[in-house]
Amino acid sequence: MKEPSCDEKEAVERVNFIQQRIVGDLAAEENSGQVHTRFPPEPNGYLHIGHAKSICLNFGLAKKFAGACNLRFDDTNPAKEDVEYVDSIKEDVKWLGFDWGENEFFASDYFSRLYDYAIQLIELGKAYVCDLSPDETRKYRGNLQEPGRNSPFRERSVPENLDLFTRMRAGEFADGSRVLRAKIDMASGNMNMRDPVIYRIAHVEHHRTGDKWCIYPMYDFAHGLSDAIEGITHSICTLEFQDHRPLYDWFINQLDTLVKPQQIEFARLNLSFTVMSKRKLMQLVNDNLVSGWDDPRLPTLSGLRRRGFTPESIRNFCERIGVAKRNSMVDVALLEHAVREDLNKRAARYMAVLRPLKVIIENYPEGQVEELDAVNNPEDESMGRRKVPFARELYVEQDDFMEDAPKKFFRLTPGREVRLRYAYYIRCERVEKDEAGVVTALYCTYDPATKGGSSPDGRKVKSTLHWVAAKTAISAEVRLYDRLFSDPDPAAEKDGEPFTKKINSDSLNVLENCQLEPALAAVASKQTVQFERLGYFIFDEQDSDSEKPVFNRTVTLRDNWAKKAKAQQNQNRKKK
RNA sequence: AGGGGCGUCGUCAAGUGGUAAGACACAGGUUUUUGGUGCCUGCAUGCGUAGGUUCGAAUCCUACCGCCCCUGCCA
């Protein structure tokens, strides 16, 4: 082993602006030296890699400063939320490797306390019941250029407000007929301060509180106060909430809470060649453009998991992208790098032929089978060795043979000798074709003296191929996944084209007749393996059955040859 | 009558007045029984622009330019 630990340490030591803030707070002895964060998803959808950034940040900060991080479900809008989502969120956070221990909370647990806070606000003369319709409210709010106007209900007396609000809660009024509003400033340049709604009426069953409530607090009111209730010191959220901070502080200050949490905003993650917004992901799923929330092409955590991404690689990715306030678009190549780096060290190697081409070793005895010795992982000897059966009839990759090979092509071609990994040197003697001229089989000879893959006379061979013995091979389905979109920024829709039109038509390629070495039958599920020379693949538990295993490609290996070949092709095309 | 943010390599991102880290990507080389991995090398006289302050400016000042967010009884 070299010293990657040194690099890792440096990466961990990197201090972002939030850490600097916290260090400052600690030095100033704010919050009696405590650091308490929270990850606050609304249970209305599945988590994606953007959430992973937030999870790593919040739990990471808690760990770094010896504090705690709560998992809090921000479930204040029952119309959109469901337990299905809270379960998947918990599963995903756990899978990512974070443990919230006892600190699992729900904003809905605080409905009573939030209601009491609202009463206090009314008593303070800082909130009023407003009878304006949603449409009228919007008109009174003004716009970016012009100030708003006070609601005609703004000057209601405290007793009247108390009476009305109590009756709102009691269910006397229809949805949309009244709201409770904070009395702040209808002329504020900040739209959020123009007497924001803090409670609305919704006769909707809540997934946790049932029909106990028919009024629900709005985000701005519930969030900061929930932070205060939980003793959160640093409430970290994304940039679009910057304008909400004055309101966040306003509630906390009016109500004089024990803890004064502070909101800090950072830039959300954007990844090239994918979309991250809940609305767009939802559309892909609903329009059946993908197979579901866990489609391996999606940036959802369930999709990435099914694709074969490891929690470690995602955490490492989040560490590398950093935390700042600049809107940015991270190259998906960095994510791919992170997973290759992790899997290179840990994935067991196997041989699998995805597009089989029959090879017959004419001078190899019919019926004979040899068990050859193979290494499971050249990066880690402790992973041991295994036996691979070799016989007269084999399969190699169609891509590994060319009848008329260009100069730089090192693989099989008539007359050339190559090495079969862990086996022998073979030479292609002749080719069998069908009527259409398609190559159907290769007739080769082997050199018995090269057993194991090296020649006693020291002669070199330019390439080593993976292979599988025909008789003992396992037949499998392999799904080759690629980027879902062909456009680096599909969400931009600059040209007026909807993002769904930018789906990469090559994002999924299903191969039915793949041939695997027999050891793959025993592969522990959920463990990503490397198919030598091809990439990393994971067994798909959902779609595999006893008849036929299914593997998903996580990512290809880096492939300089493919790159060169492609570049050359493009050049030829230009010449023509 | 507007308010709030942000501009450092193709992409992220350090830098907090002392002479532009690192990562990915890219390009070469080398090792190699994976065209993988590893290793080596190259890759911003430049920090949105223009002025100014200073012995010294990405960092301070001034003006301009560009991009993002805000007019839900969503979060």
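Just so it is clear, the model here is predicted, and its values are computed rather than measured. (Residues numbered from 1 in each chain as written. Chains lettered and ligands numbered in written order. Predicted model: local features only at pLDDT ≥ 70, side-chain atom pairs only at ≥ 80, totals over all residues. Heavy atoms only, no water.)

## As for the protein's contact with RNA strand B
And then number 1: The local shell around RNA strand B holds 74 residues, among which Gln 145, Pro 147, Asp 243, Arg 411 and Gly 452 are the closest.
And then number 2: Here a sugar or linking oxygen of RNA strand B sits 3.2 Å away from a polar atom, N or O, in the side chain of Asp 74.
And then number 3: Here a base nitrogen of RNA strand B sits 3.2 Å away from a polar atom, N or O, in the main chain of Pro 134.
And then number 4: Breaking the surface near RNA strand B down by element, the ones donating at least two residues are helix H6 (134–141), strand S6 (197–201), helix H12 (311–321), helix H13 (332–346) and helix H14 (560–575).
And then number 5: Of the residues assigned to the surface near RNA strand B, the class counts are 25 nonpolar, 23 polar and 26 charged. (Near = heavy atom within 4 Å. Polar contact = N/O pair within 3.5 Å; in protein donor to acceptor, adjacent residues only side chain to side chain. Helix = DSSP H or I, 4+ residues; strand = E, 2+ residues; numbered from the N terminus. Nonpolar A, V, L, I, M, F, W, Y, C, P; charged D, E, K, R; others polar.)

## Focus: the pairing of S6
And then number 1: Here strand S5 (residues 179–182) runs beside S6; their pairing, made up of three bridges, is antiparallel. Paired with Leu 180 across the strands is Tyr 199, a residue of S6.
And then number 2: Direction of pairing for S6 relative to strand S7 (residues 215–217): antiparallel, over a ladder of three bridges. Residue pairing for S7: Ile 201 is matched across the bridge by Ile 215. (Pairing = 2+ DSSP bridges.)

## Observations regarding the sheet that holds strand S24 (residues 535–539)
And then number 1: The mixed open sheet is built from seven strands, whose spatial order is S10-S23-S24-S25-S21-S22-S11. Because the sheet does not close on itself, it has two edges, and the strands there are strand S10 (349–350) and strand S11 (352–353).
And then number 2: Pairing of strand S21 (residues 474–481) with strand S22 (residues 508–516), which is carried by seven bridges, proceeds in the antiparallel orientation. Paired with Tyr 481 across the two strands is Leu 508, which belongs to S22.
And then number 3: Here H13 sits on the sheet and contacts S10, S24 and strand S25 (550–556); the angle it forms with S25, its principal contact strand, is near 115°. (Contact = heavy atoms within 4.5 Å. Axes fitted to C-alpha atoms, helices over the stretch in contact; angles between N-to-C directions.)

## Concerning the sheet that holds strand S2 (residues 68–73)
And then number 1: If you walk across this open sheet you meet the three strands as S1-S2-S3, and the pairing is parallel. At either margin of the open sheet sits one strand with a lone partner, and together these are strand S1 (36–39) and strand S3 (104–106). Across this sheet, the average inter-strand angle for adjacent strands is 35°, counted without regard to direction.
And then number 2: Bridge count between S2 and S3: three bridges; the pairing is parallel.

## Section: the domain arrangement of chain A
And then number 1: Domain parsing of chain A yields domain 1 (6–266) and domain 2 (352–466).
And then number 2: Inter-centroid distance (C-alpha atoms) of domain 1 to domain 2 is 63 Å. (Domains from an automatic or database assignment.)

## Remarks on empty space enclosed by the protein
In this approach the atoms are scanned with a rolling probe the size of a water molecule, which exposes any empty space left behind.
And then number 1: Per the stated rule, a full pass over the model turns up one cavity of 30 Å³ or more.
And then number 2: There is about 40 Å³ of room inside the largest cavity.
And then number 3: Residue lining of the largest cavity: Tyr 219, Asp 220, His 223, Gly 224, Phe 241, His 244, Tyr 248 and Gln 263, and that is the complete set.
And then number 4: Partitioning the lining of the largest cavity into residue classes produces three nonpolar, four polar and one charged. (1 Å grid on protein atoms, 1.4 Å probe; cavity = no way out; pocket = protein on both sides within 12 Å on 5 of 7 lines; lining within 4 Å. Points joined across faces, edges and corners; volume = space filled by probe spheres on them.)

## A few points about the packing of aromatic side chains
What describes a pair of aromatic rings is the distance from one ring centre to the other and the angle between the planes of the rings.
And then number 1: Scanning the model with the defined rule gives 23 aromatic pairs in all.
And then number 2: Residues Tyr 364 and Phe 390 carry aromatic rings whose centres are separated by 5.2 Å and whose planes lie at 80° to one another, so their mutual orientation is edge-to-face. Highlighted residues: Tyr 364 in the loop between strand S12 (356–361) and strand S13 (370–375) and Phe 390 in strand S14 (residues 385–390), separated in sequence by 26 residues.
And then number 3: Classification of Tyr 364 by relative accessible area gives buried; the value is 1%.
And then number 4: Summarising the aromatic geometry, the rings of Phe 531 and Phe 537 are spaced 4.2 Å apart at their centres and angled 20° between planes, so their arrangement reads as stacked.
And then number 5: The buried category is assigned to Phe 531, whose relative accessible area is 0%.
And then number 6: An aromatic cluster is defined as three or more aromatic residues linked by ring pairs; in this entry it consists of Phe 111, Tyr 115, Phe 165, Tyr 199, Trp 213, Tyr 216, Phe 221, Trp 250 and Phe 251.
And then number 7: Lying over the aromatic face of Tyr 140, Arg 149 brings its terminal NZ or CZ to 4.3 Å of the ring centre.
And then number 8: Over the aromatic face of Phe 173 sits the side chain of Arg 178, whose NZ or CZ is 4.0 Å from the ring centroid. (Phe/Tyr/Trp six-rings, centres within 6.5 Å; stacked < 30°, edge-to-face > 60°. Buried < 20%, exposed > 50% of the residue type's maximum accessible area, 1.4 Å probe, protein only. Lys NZ or Arg CZ within 6 Å of the ring centre and 35° of its normal.)

## Some thoughts on the pattern of salt bridges
And then number 1: If you walk through the whole model with that rule in mind, you get 44 salt bridges.
And then number 2: Between Asp 227 and Arg 72 there is a salt bridge, and its shortest N-O distance comes to 2.7 Å. Placement of the pair is Asp 227 in helix H8 (residues 219–230) and Arg 72 in strand S2, with a sequence separation of 155 residues.
And then number 3: You can call Asp 227 buried: its relative accessible area is 0%.
And then number 4: Among the ionic pairs, Asp 373 bridges to Arg 385, the shortest N-O distance being 2.8 Å. Separated by twelve residues along the polypeptide, Asp 373 in strand S13 and Arg 385 in strand S14 bring together distant segments of the chain.
And then number 5: Counted as one network, the salt bridges with shared partners bring together Asp 294, Arg 306, Glu 477, Arg 479, Asp 540 and Asp 543. (Salt bridge = Lys/Arg side-chain N within 4 Å of Asp/Glu carboxyl O.)

## Focus on the pairing of strand S9 (residues 262–266)
And then number 1: Counted residue by residue, S9 has four buried out of five residues, so it is predominantly covered.
And then number 2: Handedness of the β-α-β unit built from strand S8 (residues 234–238), helix H9 (residues 245–255) and S9 comes out right-handed. (Right-handed = clockwise from strand over helix to strand, strands pointing away.)

## Regarding the nonpolar core
And then number 1: In terms of nonpolar packing, the biggest core is built from 38 residues, with Ile 49, Val 93, Ile 314 and Phe 317 touching the most fellow members.
And then number 2: Sorting the residues of this core by element identifies helix H3 (49–64), S2, helix H4 (83–96), helix H11 (301–307), H12 and H13 as the ones contributing at least two each.
And then number 3: Not counting chain neighbours up to four residues away, the residues in contact with Ile 49 comprise Leu 269, Leu 271, Met 276, Pro 299, Leu 301, Leu 304, Ile 314, Phe 317 and Leu 335. (Core = buried A, V, L, I, M, F, W, Y, C linked by side-chain atoms within 4.5 Å.)

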